[in-house]
Amino acid sequence: KTLEKYGECTMEMPYNPEAEDETYGVAIVTYKEDSAAKACAEQLNGFKLDKVHSFRVVSMAKFQEIVSRSDEFQARHTLTRLHRSNYRDWMFDEKCREQLLLRYGRET
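Calculation criteria
Residues numbered from 1 in each chain as written. Predicted model: local features only at pLDDT ≥ 70, side-chain atom pairs only at ≥ 80, totals over all residues. Heavy atoms only, no water. Phe/Tyr/Trp six-rings, centres within 6.5 Å; stacked < 30°, edge-to-face > 60°. Buried < 20%, exposed > 50% of the residue type's maximum accessible area, 1.4 Å probe, protein only. Salt bridge = Lys/Arg side-chain N within 4 Å of Asp/Glu carboxyl O. Helix = DSSP H or I, 4+ residues; strand = E, 2+ residues; numbered from the N terminus. Core = buried A, V, L, I, M, F, W, Y, C linked by side-chain atoms within 4.5 Å. Contact = heavy atoms within 4.5 Å.

**Student:** What exactly am I supposed to notice about the packing of aromatic side chains here?
**Tutor:** By convention here, two paired aromatic rings are described through the distance between centres and the angle between planes. Applying the stated criterion to the full structure yields one aromatic pair. Aromatic side chains Phe47 and Phe55 sit 6.0 Å apart centroid to centroid with 20 degrees between the ring planes, which places their arrangement in the stacked category. Look at Phe47 and you get partly exposed, because its relative accessible area is 39%.

The following block contains the structure:
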């Protein structure tokens, strides 16, 4: 009933053959109209069923992207490293200022 209020749809819930009356926790819902599917996805994504369970809506385009990922984890490189060609350039300060770094145990 929750899904049908956005438009005419069909729903498929694959069952786990090893466990009696247990689904995989996935429902595949197909709407006749694209606008109905988008409205449903927008409204139901994050919808809490109870304290523990909530809906997570993923479009089929995004689903294909997710299942085609490599099985091996590859971290994103979001930090840029500071690159200097001359690491001693601070020594050429015109006012002859020095930079010191002190470490004691785990404190810097």
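Back to the write-up after that little detour.
**Student:** Is there a simple way to explain the pattern of salt bridges in this structure?
**Tutor:** Opposite charge on two side chains permits them to pair, given that their charged atoms come into close proximity. Inspection of the entire model under this criterion finds three salt bridges. In this structure, the salt-bridge partner of Glu8 is Lys32, at a minimum N-O distance of 3.9 Å. With Glu8 in the segment before β1 (9-12) and Lys32 in the loop between β2 (28-31) and α1 (34-44), the pair connects residues that are 24 residues apart, well separated along the chain. The exposure classification of Glu8 matches that of Lys32, with both residues exposed. Between Lys62 and Glu65 there is a salt bridge; the shortest N-O distance is 3.8 Å. On the criterion of helical spacing, the pair formed by Lys62 and Glu65 is a turn pair, its members being three residues apart in helix α2 (residues 60-67). On the basis of relative accessibility, which here comes to 40%, the residue Lys62 falls in the partly exposed class.

**Student:** Mind showing me how you'd approach the nonpolar core here?
**Tutor:** Buried together is how nonpolar side chains tend to be arranged in soluble globular proteins. Membership of the largest hydrophobic core is limited to six residues, which are Leu3, Cys9, Tyr31, Ala36, Cys40 and Leu44. Looking at which element gives the most residues to this core, the answer is α1, with three residues. Setting aside its immediate chain neighbours within four residues, Tyr31 contacts Leu3, Tyr6, Gly7, Glu8, Cys9, Ala36, Ala37 and Cys40.

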